[in-house]
Amino acid sequence: MVQAIAAIGAAAAQMPGASSGASVGALQAQLQKCQNQLADWVGCPSGKTPQGQAKIQQIQSQTDSIKAQLARVEAQKARQTAAAQAGAAPAAGAGMAAATTSGASIGGSVDTFA
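Residues numbered from 1 in each chain as written. Predicted model: local features only at pLDDT ≥ 70, side-chain atom pairs only at ≥ 80, totals over all residues. Heavy atoms only, no water.

1. With respect to helix H2 (residues 24–43)
Between its first and last C-alpha, H2 extends 28 Å over 20 residues, near the 28 Å set by a 1.5 Å rise per residue. Buried residues of H2: Val24, Leu27, Gln30, Leu31, Cys34, Gln37, Leu38 and Trp41, and no others. For H2, the angular spread of the buried residues around the axis is 155°, confining them to a single face. (Helix = DSSP H or I, 4+ residues; strand = E, 2+ residues; numbered from the N terminus. Expected span 1.5 Å × (residues − 1). Buried < 20%, exposed > 50% of the residue type's maximum accessible area, 1.4 Å probe, protein only. Arc of directions from axis to C-beta.)

2. Quick look at the nonpolar core
Judged by nonpolar contacts, Val24, Leu27, Leu31, Cys34, Ile66, Leu70 and Val73 together constitute the single largest core of seven residues. Listed by contribution, the elements that provide at least two residues to this core are H2 and helix H3 (50–104). In terms of residue count, H2 provides more of this core than any other element does, four residues in total. (Core = buried A, V, L, I, M, F, W, Y, C linked by side-chain atoms within 4.5 Å.)

3. Observations regarding the environment of Val24
Tracing the sequence through the fold places Val24 in helix H2. Separated by 53 residues in sequence, Val24 and Lys77 place their C-alpha atoms 9.9 Å apart. The contact partners of Val24, leaving out residues within four places of it in the chain, are Leu70, Val73, Glu74 and Lys77. (Contact = heavy atoms within 4.5 Å.)

Printed below as a string of structure tokens:
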């Protein structure tokens, strides 16, 4: 059990782009695996021993680390989406502002065919 948990942590640390480019699906799969192991240890009688408590703490910290990675990836994707939308919005908004401004200078009529 110890080697399996260590292997998961090592795999997460060695993933290329683990902090920023890792896929949400891969991180969620790792998180699910850790949560299952945590539930096994908490429910197991050996989880009440000092060694079991240490193992539970180790799995919990690994779970927290994966959750933090997942939050960073999702935040990065949200920033990229917002940046892409912000990059497209000013061009459309500027054109509309120019049409409105030029229409207002001609006595309030707006040329809708322009």
